[in-house]
Amino acid sequence: MTNPADRLVDLLDLEQIEVNIFRGRSPQESLQRVFGGQVAGQALVAAGRTTEGDRPVHSLHAYFLRPGRPGVPIVYQVERIRDGRSFTTRRVTAVQQGRTIFNLTASFHKPEEGPFEHQLPPAREVPDPESVPTITEEIRKHLGKLPEQWERMARRQPFDIRYVDRLRWTADEIESAEPRSAVWMRAVGPLGDDPLVHTCALTYASDMTLLDAVRLPVEPLWGPRNFDMASLDHAMWFHRPFRADEWFLYDQESPIATGGRGLARGRIYNREGQLIVSVVQEGLFRKLD
């Protein structure tokens, strides 16, 4: 069986069908819609492929406009907005079956030395990832064995995800829960040495757990769901070089949820405590019938 990390790299390797047009695969999954992190990661690959390659991406801003259909290819159309002396800007439109499902604007910056540097430290001390159980271990401990659906998902999962805080399973356990979550993550295998692949892989991962912080005070993260949720928009700022196949801490919180929407923001640190990426996302939440 192919390593899930290899499948992720393959998923991010788009087919170029014109100068500014790329096509990406969309695996046939049991999900109702294409995973948003996949579309964002592929769109960023398309944007990066139209640059000279010497300018890392420093920010992206994206909107999820329509749900994508699993199993149907997605075409990425790149507009070259600007090629300046220090910054390069690209706009990407993702189209599936003639309908726009996603828009992304990405900015690339030529590396330079800044006149000063600072960052806020991580908000709290957390245990090392090696001492934290995997999701699979927590589920197996609670349920005795893995549900068949999770067994299939676990075999395809390209990232090792470990929640810093114990998973909550009942309504009583979430009664006093704050809208905060933290996970250790890394790709389950090597991703190669292309910095763009690591950036796009982390973009993929950034959509996996961020809205957990919104859900934590109202329902357990695992088990039957009472709410349908979908990503509405997504923004990222990349501060330092990193590798997505090395451990990083994704510290997440939700400052507000109202009007059927929840805002979540995340700070991603490397093992040395350096802030490498900042993320903000808004999600739609609706009560299931």
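Residues numbered from 1 in each chain as written. Predicted model: local features only at pLDDT ≥ 70, side-chain atom pairs only at ≥ 80, totals over all residues. Heavy atoms only, no water.

As recorded in an unreviewed UniProt entry, the protein chain goes by Acyl-CoA thioesterase 2 and comes from Streptomyces brasiliensis. We quote the UniProt Catalytic activity (unreviewed entry) comment for the protein chain here in full: "a fatty acyl-CoA + H2O = a fatty acid + CoA + H(+)". UniProt, in the comment section headed Sequence similarities (unreviewed entry), describes the protein chain in these words: "Belongs to the C/M/P thioester hydrolase family." (UniProt positions renumbered as here; feature names shortened; annotations may be inferred.)

Peer 1: Sorry, what's going on with unusual backbone geometry here?
Peer 2: Its identity as a non-glycine residue notwithstanding, Gln 97 has a phi of 55 degrees, on the positive side. Looking at the secondary structure, you find Gln 97 in the loop between β5 (87–96) and β6 (99–109). Given a relative accessible area of 52%, Gln 97 falls into the exposed group. (Helix = DSSP H or I, 4+ residues; strand = E, 2+ residues; numbered from the N terminus. Buried < 20%, exposed > 50% of the residue type's maximum accessible area, 1.4 Å probe, protein only.)

Peer 1: It is not clear to me how the environment of Phe 248 should be interpreted in this structure. Could you clarify?
Peer 2: Residue position: Phe 248 is located in strand β10 (residues 248–258). Owing to a relative accessible area of 2%, Phe 248 belongs among the buried residues under this scheme. In the structure, Phe 248 is positioned 158 residues away from Arg 90 in sequence and 27 Å away in space, judged by C-alpha atoms. Those residues in contact with Phe 248 that lie beyond four places of it in its chain are Phe 159, Val 183, Trp 184, Met 185, Arg 186, Leu 202, Ala 205, Ile 268, Tyr 269 and Ile 276. (Contact = heavy atoms within 4.5 Å.)

Peer 1: Help me out: how do you make sense of the sheet that holds strand β8 (residues 180–187) in this one?
Peer 2: Paired through backbone hydrogen bonds, the strands of a sheet run either parallel or antiparallel to each other. Strand order in this open sheet of twelve strands is β1-β2-β4-β5-β6-β3-β9-β12-β11-β10-β8-β7, and the pairing throughout is antiparallel. Each end of this open sheet is capped by a strand with a single partner; those strands are β1 (15–18) and β7 (159–163). The mean angle between the axes of side-by-side strands here comes to 25 degrees, regardless of whether they run parallel or antiparallel. Packed on one face of the sheet, helix α6 (residues 195–206) meets β3 (57–64), β7, β8, β9 (227–238), β10, β11 (261–270) and β12 (275–287) and runs near 145 degrees to β9. (Pairing = 2+ DSSP bridges. Axes fitted to C-alpha atoms, helices over the stretch in contact; angles between N-to-C directions.)

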